[in-house]
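Structure assessment
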Amino acid sequence: CSVDLPKSPSTKTEKFGFNKKAALPETLSIREADDLESIATSTQYETTVSDAASGMYSVVAGFESSGAAALLCKLWLITAECFIEIGDSTQASGCLLEAHSKFPLSPDVLYMRGRLSELLGNNQQSRINYESALAVQPEHKSAAQRLGMMYFDEGELCLAEKTLRRCVQKDTTNHTAWNDLGTVLESCGQYNEAASCYVISLQLESTSPIIQYTSLPRFFKI
């Protein structure tokens, strides 16, 4: 009889082709690949976060730059208005050039250029500037009021009345607009209504600030 002897491990290795020494480097290479993939993922994540932070910084810097430019433009406009009030057209023109360089299409810049044109006696250009300011911002009360009085000076009483009535409807506390409307109505022969406008103007003037609060520049740093 024959006896089956147990096969040696080497026989199994040869049969199934399993070689632990040969498999060990493959196991290490897989770990190395996992490590490399993990490193690549971390690097990509850090790059993404860095790009996002850089983009956010650019947006914040843009907002800060825009806010500073708006504040500077407002200061130039206030200075220009002061020079216009004292009749210094040269200095006012220089201030308006600086403001125009910051925000060329600002309705406030267009309005103040209209004021300067009035000072220089160029009523046609002044009217164009006021109309341009209203085209950009239809609710610009100062431009509408000045334009209404220009209509009055040019003899367009109906257009002046319509414009000034719109002004007092939008801002019922504007005592100068009520006074201007009274002047126009008086010229139209509407004396009773003109008198009412004058009374309202006098009542509002007693409680009206010398400078409108909205004209003061405000800048808050968070």
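On a predicted model such as this, the values are computed, not experimentally measured, just so you know.

1. Observations concerning the pattern of salt bridges
Applying the stated criterion across every chain yields a total of ten salt bridges. Between arginine 146 and glutamate 118 there is a salt bridge, and its shortest N-O distance comes to 3.1 Å. Of this pair, arginine 146 sits in helix α6 (residues 141-153) while glutamate 118 sits in helix α4 (residues 107-119), placing them 28 residues apart in sequence. Glutamate 118 gets classed as partly exposed once you look at its relative accessible area, which sits at 24%. Residues joined in a network through salt bridges with shared partners are Arg127, Glu131, Glu154 and Glu156.

2. Side note on the environment of leucine 181
Within the secondary structure, leucine 181 sits in helix α8 (residues 175-187). Residue leucine 181 is classed as buried on the basis of its relative accessible area, which comes to 1%. Separated by 20 residues in sequence, leucine 181 and serine 201 have C-alpha atoms that sit 9.7 Å apart. Among all residues touching leucine 181, those that are not within four sequence positions of it are Glu161, Leu164, Arg165, Val168 and Cys197.

3. As for the confidence of the model for the protein
Averaged over the protein, the pLDDT score is 78; the fraction of residues at 70 or greater is 64%. A low-confidence stretch, residues 10-24 stays under pLDDT 50, and its non-local contacts, those more than four residues away or across chains, total three contacts. Considering only residues more than four positions removed or in separate chains, one finds that residues 56-64, a stretch of pLDDT under 50, has zero contacts.

4. Describing the packing of α6 against helix α7 (residues 157-170)
Contact geometry of α6 with α7 gives a least axis separation of 8 Å together with a crossing angle of 160°. Here α6 is positioned roughly antiparallel relative to α7, judged by the angle of their axes. Where α6 crosses over α7, the handedness of that crossing is left-handed. Side by side, α6 and α7 meet where Lys141, Ala144, Gln145, Gly148, Met149, Tyr151 and Phe152 of the first sit next to Leu157, Leu159, Ala160, Thr163, Leu164 and Cys167 of the second. Across the contact of α6 with α7, the residue classes tally to nine nonpolar, three polar and one charged.

The rules behind each value
- Residues numbered from 1 in each chain as written.
- Predicted model: local features only at pLDDT ≥ 70, side-chain atom pairs only at ≥ 80, totals over all residues.
- Heavy atoms only, no water.
- Salt bridge = Lys/Arg side-chain N within 4 Å of Asp/Glu carboxyl O.
- Helix = DSSP H or I, 4+ residues; strand = E, 2+ residues; numbered from the N terminus.
- Buried < 20%, exposed > 50% of the residue type's maximum accessible area, 1.4 Å probe, protein only.
- Contact = heavy atoms within 4.5 Å.
- pLDDT = per-residue confidence, 0-100.
- Axes fitted to C-alpha atoms, helices over the stretch in contact; angles between N-to-C directions.
- Parallel < 35°, antiparallel > 145°, perpendicular 65-115°, else oblique.
- Left-handed = near helix turned anticlockwise from the far one by under 90°.
- Nonpolar A, V, L, I, M, F, W, Y, C, P; charged D, E, K, R; others polar.

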